[in-house]
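Per-entry structural report
So the chains spell out like this:
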Amino acid sequence: MNIEVVKSKIHRVKITGSDLNYIGSITIDEDLMDASNIIEGEKVHIVNINNGERFITYAIKGKRKSGEIILNGPAARKVAKGDIIIIIAYAMLEFEEAKVFKPSIVFPNEKDNSLT
(Lines give C-alpha, C1' and ligand atoms only; values in the text may rest on other atoms or scores of the structure.)
Protein backbone atom coordinates (compact mmCIF):
# COMPACT_ATOMS: atom_id res chain seq x y z
CA MET A 1 0.00 0.00 0.00
CA ASN A 2 1.21 3.51 -0.85
CA ILE A 3 0.38 6.64 1.12
CA GLU A 4 1.03 10.32 0.48
CA VAL A 5 3.26 12.09 3.01
CA VAL A 6 4.86 15.51 3.39
CA LYS A 7 8.20 15.40 1.55
CA SER A 8 9.26 19.06 1.75
CA LYS A 9 8.09 22.19 3.50
CA ILE A 10 9.18 25.83 3.49
CA HIS A 11 7.44 27.16 6.58
CA ARG A 12 6.40 30.83 6.80
CA VAL A 13 8.14 32.58 3.93
CA LYS A 14 7.27 36.10 2.70
CA ILE A 15 5.90 36.85 -0.78
CA THR A 16 8.30 39.27 -2.48
CA GLY A 17 6.27 39.80 -5.65
CA SER A 18 3.67 38.57 -8.10
CA ASP A 19 3.43 38.56 -11.89
CA LEU A 20 -0.08 38.04 -13.24
CA ASN A 21 1.12 38.00 -16.86
CA TYR A 22 3.61 35.15 -16.41
CA ILE A 23 2.52 31.69 -17.59
CA GLY A 24 2.24 30.26 -14.07
CA SER A 25 4.16 28.79 -11.13
CA ILE A 26 5.96 30.01 -8.03
CA THR A 27 9.51 31.33 -8.24
CA ILE A 28 11.54 30.22 -5.21
CA ASP A 29 15.09 31.25 -4.26
CA GLU A 30 17.25 28.31 -5.33
CA ASP A 31 18.86 28.13 -1.86
CA LEU A 32 15.41 27.52 -0.33
CA MET A 33 14.64 24.90 -2.97
CA ASP A 34 17.88 23.05 -2.24
CA ALA A 35 17.40 23.21 1.54
CA SER A 36 13.83 21.93 1.32
CA ASN A 37 14.55 19.28 -1.33
CA ILE A 38 12.10 20.81 -3.85
CA ILE A 39 13.09 20.55 -7.51
CA GLU A 40 12.19 22.69 -10.49
CA GLY A 41 8.87 21.66 -12.00
CA GLU A 42 7.70 19.88 -8.84
CA LYS A 43 4.06 20.27 -7.83
CA VAL A 44 3.71 22.31 -4.65
CA HIS A 45 0.80 23.30 -2.46
CA ILE A 46 0.65 26.90 -1.27
CA VAL A 47 -1.09 27.93 1.96
CA ASN A 48 -1.50 31.68 2.48
CA ILE A 49 -1.40 32.52 6.20
CA ASN A 50 -2.81 36.03 5.61
CA ASN A 51 -6.01 35.17 3.73
CA GLY A 52 -6.48 31.40 4.07
CA GLU A 53 -6.12 30.68 0.33
CA ARG A 54 -4.87 27.20 -0.57
CA PHE A 55 -3.82 26.31 -4.11
CA ILE A 56 -1.49 24.14 -6.19
CA THR A 57 1.19 25.20 -8.68
CA TYR A 58 4.73 24.14 -9.60
CA ALA A 59 8.16 25.41 -8.56
CA ILE A 60 10.68 27.26 -10.70
CA LYS A 61 14.15 28.36 -9.65
CA GLY A 62 14.70 31.90 -8.50
CA LYS A 63 18.02 33.66 -8.18
CA ARG A 64 20.17 32.13 -5.46
CA LYS A 65 20.45 34.22 -2.25
CA SER A 66 17.79 36.64 -3.56
CA GLY A 67 15.05 35.69 -1.11
CA GLU A 68 12.63 35.62 -4.07
CA ILE A 69 9.19 34.13 -3.52
CA ILE A 70 7.08 35.24 -6.48
CA LEU A 71 3.64 33.94 -7.43
CA ASN A 72 3.12 33.92 -11.19
CA GLY A 73 0.10 33.66 -13.47
CA PRO A 74 -3.45 33.35 -12.09
CA ALA A 75 -2.16 32.43 -8.61
CA ALA A 76 -0.79 35.99 -8.37
CA ARG A 77 -4.38 37.04 -7.56
CA LYS A 78 -4.34 34.85 -4.42
CA VAL A 79 -1.46 36.69 -2.71
CA ALA A 80 -0.21 40.15 -1.95
CA LYS A 81 3.38 41.27 -1.56
CA GLY A 82 4.34 40.74 2.08
CA ASP A 83 1.90 37.84 2.68
CA ILE A 84 3.32 34.91 4.62
CA ILE A 85 2.88 31.49 2.99
CA ILE A 86 3.78 27.86 3.55
CA ILE A 87 5.04 25.83 0.58
CA ILE A 88 4.48 22.06 0.81
CA ALA A 89 5.42 19.18 -1.49
CA TYR A 90 4.18 15.61 -1.03
CA ALA A 91 5.47 12.19 -2.10
CA MET A 92 3.93 8.74 -2.48
CA LEU A 93 5.76 6.14 -0.38
CA GLU A 94 5.28 2.53 0.55
CA PHE A 95 3.57 2.35 3.94
CA GLU A 96 6.60 0.89 5.77
CA GLU A 97 8.98 3.37 4.13
CA ALA A 98 6.66 6.23 5.11
CA LYS A 99 6.86 5.23 8.78
CA VAL A 100 10.57 6.12 8.92
CA PHE A 101 10.72 8.86 6.26
CA LYS A 102 11.86 12.30 7.49
CA PRO A 103 10.70 15.30 5.44
CA SER A 104 12.94 18.27 4.62
CA ILE A 105 11.47 21.20 6.55
CA VAL A 106 12.96 24.70 6.35
CA PHE A 107 12.20 27.68 8.63
CA PRO A 108 13.51 30.77 6.80
CA ASN A 109 13.89 34.19 8.36
CA GLU A 110 10.55 35.91 7.63
CA LYS A 111 12.18 39.32 7.22
CA ASP A 112 14.29 38.45 4.16
CA ASN A 113 13.54 34.75 3.45
CA SER A 114 17.16 33.82 4.20
CA LEU A 115 18.24 30.56 5.81
CA THR A 116 20.33 32.26 8.50
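As shown above, the structure is provided for reference.
Each value, and the rule that gives it
- Residues numbered from 1 in each chain as written.
- Predicted model: local features only at pLDDT ≥ 70, side-chain atom pairs only at ≥ 80, totals over all residues.
- Heavy atoms only, no water.
- Pairing = 2+ DSSP bridges.
- Helix = DSSP H or I, 4+ residues; strand = E, 2+ residues; numbered from the N terminus.
- Axes fitted to C-alpha atoms, helices over the stretch in contact; angles between N-to-C directions.
- Buried < 20%, exposed > 50% of the residue type's maximum accessible area, 1.4 Å probe, protein only.

1. As for the sheet that holds strand β6 (residues 69-72)
Spatial strand order, β2-β6-β3-β5-β4-β7-β1-β8: eight strands in an open sheet with mixed pairing. Either end of the sheet is taken by a strand with one partner, and the two such strands are β2 (17-19) and β8 (104-106). For this sheet, the mean inter-axis angle between neighbouring strands, taken without regard to orientation, is 30 degrees. Here five bridges tie strand β4 (residues 43-48) to strand β5 (residues 54-62), and the two strands are oriented antiparallel to one another. Each residue of the ladder has a partner; that of Lys43, found in β5, is Tyr58.

2. Side note on the pairing of β6
Residue alternation in β6 divides its side chains into two sets, Ile69 and Leu71 and Ile70 and Asn72, and both sets are buried. By the bridge criterion, three bridges tie β2 to β6 in an arrangement that is parallel. If you follow Asp19 over to β6, its bridge partner there is Asn72. With four bridges joining them, strand β3 (residues 25-29) and β6 adopt antiparallel strand pairing.

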